[in-house]
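What follows is the residue order along each chain.
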Amino acid sequence: MTEIIGVRFKNVGKIYYFDPAGIAFTTGEHVIVETTRGVECGEVVMPAHEVENNQLNQPLKSVLRLATVEDMQHLRENTHKEKEAFRICLKKIAEHGLAMKLIDTEYTFDNNKVLFYFTADGRIDFRELVKDLASIFRTRIELRQIGVRDEAKMLGGLGVCGKPFCCNTFLGDFQPVSIKMAKEQGLSLNPTKISGACGRLMCCLKFEENAYSDLIKNTPKIGATVETPEGRGTVSEVHLLKGELKVRMDKEPDAPPKVFQKDVLKPSKNHNFKHSESKNKDTANGSQKSEHSHNRHSSKKKR
């Protein structure tokens, strides 16, 4: 077992794990740690707790120290520098006539690097731009191309539901979303209705995927034959969340379907019997064919 704490460097960014080095940190405190990008200042979002060694990427780096008042002042100064760097980079992009959209600017805590995040339709030759920026800021420059989902996460906004973007408020990592999830939830497959402001499938489709998958497994499908308290019928419509099914009764085929709760329905015995009977017939036929084939091969061997 290893003791760790969770540290986040952005408001809704990924959580990284560090060794507290025996120091008791509380949630909300800022700490100075060493990362692959250099020395950084992050916020403790997970208090110290123990996890299995095989769940961690070794080696685990230790927290250097608790952030001081001077460190927090330095962070605020970097925020002002980032706004100025953003303005300068916009100007230089226009001068070079590059087809790219600048999204955000970030200074590392030790000021050894300035990162510029941008989006573009294809590959951009920004070598001359990097040279201009390096001559202005006198430090390492990194231009990083990001996707539309990352852009939405950085900029924020309101979704089609009227609430702030999930990715900008509480989602640390993006989860894979597929059109299958929309089908299972009975949503319209119109791209404009199931896509977010970023143009990709809405992240919220993932939230209820497990619940819908469990409901689908335990609910008769449309077209299934079921036994109801009023007789046998065929399922014509399903409301998964309500647990209601509309069943067209066999004795009243022309009448409107009746609504039943899922709990009072049972699979049709005749339906299951036919299914199992046909299955047994197939099995028997398969056995006969196999036996016939075996006898034929045996007769060939005797010849």
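One can find the structure itself at the top, above this paragraph.
All of these numbers come straight from a predicted model, not from anything done at the bench.

Student: Please clarify how the packing of helix H1 (residues 69-96) against helix H2 (residues 127-137) should be interpreted in this entry.
Tutor: Geometry of a packed helix pair, given as the angle between the helix axes and the separation of the axes. It is the contact of H1 with H2, at a shortest axis distance of 10 Å, that shows an interaxial angle of 145°. In this structure, H1 meets H2 at a crossing whose hand is right-handed. Contacts between H1 and H2 pair Ala-85, Ile-88, Cys-89, Lys-92, Ile-93 and His-96 from the former with Glu-128, Leu-129, Asp-132, Leu-133, Ile-136 and Phe-137 from the latter.

Student: What should I look at first to understand the side chain of Thr-228 in this one?
Tutor: Considering the arrangement of structural elements, one finds Thr-228 in strand S9 (residues 225-228). For Thr-228, the side chain forms a polar contact with the main-chain oxygen of Gly-231, separated by 2.6 Å. Apart from the residues lying within four places of it in its own chain, the contact partners of Thr-228 are Val-247, Met-249, Phe-260 and Leu-265.

Student: So what exactly am I meant to see when it comes to the packing of aromatic side chains here?
Tutor: The geometry of an aromatic ring pair comes down to the distance between the two centres and the angle between the two planes. What the rule picks out here adds up to five aromatic pairs. Centre to centre, the rings of Phe-9 and Phe-18 are 6.3 Å apart; their planes meet at 85°, and the pair counts as edge-to-face. Phe-9 gets classed as partly exposed once you look at its relative accessible area, which sits at 29%.

Student: Can you walk me through the sheet that holds strand S7 (residues 113-119) in this structure?
Tutor: Hydrogen bonding along the main chain pairs the strands of a sheet, whether they run parallel or antiparallel. Strand order in this open sheet of three strands is S6-S7-S8, and the pairing throughout is mixed. With one partner strand each, in any of the chains shown, strand S6 (101-107) and strand S8 (140-145) form the two edges of the open sheet. Between one strand axis and the next, the sheet turns through 20° on average, direction left out of account. Judged from the six bridges that link them, S7 and S8 form a sheet pairing that is parallel.

Student: Explain the environment of Thr-2 to me, please; I cannot follow it from the model alone.
Tutor: Structurally, Thr-2 is set in strand S1 (residues 2-8). Discounting residues that sit within four places of it in the chain, Thr-2 has contacts with His-49, Glu-50, Val-51, Asn-53, Leu-56 and Leu-60.

Student: I keep staring at the pattern of salt bridges and nothing clicks. Help me out?
Tutor: Once their charged atoms are close, side chains differing in charge can pair, the charge on each being opposite to the other. The tally for this structure, following the rule as stated, stands at 16 salt bridges. Salt-bridge contacts for Lys-101 lead to Glu-151; the nearest nitrogen and oxygen are separated by 2.7 Å. Pair noted here: Lys-101 is in strand S6 and Glu-151 is in helix H3 (residues 148-155), with a separation of 50 residues, a long-range link. Overall, Glu-151 belongs to the buried group, its relative accessible area being 12%. Taken together, the shared-partner salt bridges connect Lys-10, Arg-37, Glu-40 and Glu-106 into one network.

What counts and how
Residues numbered from 1 in each chain as written. Predicted model: local features only at pLDDT ≥ 70, side-chain atom pairs only at ≥ 80, totals over all residues. Heavy atoms only, no water. Axes fitted to C-alpha atoms, helices over the stretch in contact; angles between N-to-C directions. Helix = DSSP H or I, 4+ residues; strand = E, 2+ residues; numbered from the N terminus. Left-handed = near helix turned anticlockwise from the far one by under 90°. Contact = heavy atoms within 4.5 Å. Polar contact = N/O pair within 3.5 Å; in protein donor to acceptor, adjacent residues only side chain to side chain. Phe/Tyr/Trp six-rings, centres within 6.5 Å; stacked < 30°, edge-to-face > 60°. Buried < 20%, exposed > 50% of the residue type's maximum accessible area, 1.4 Å probe, protein only. Pairing = 2+ DSSP bridges. Salt bridge = Lys/Arg side-chain N within 4 Å of Asp/Glu carboxyl O.

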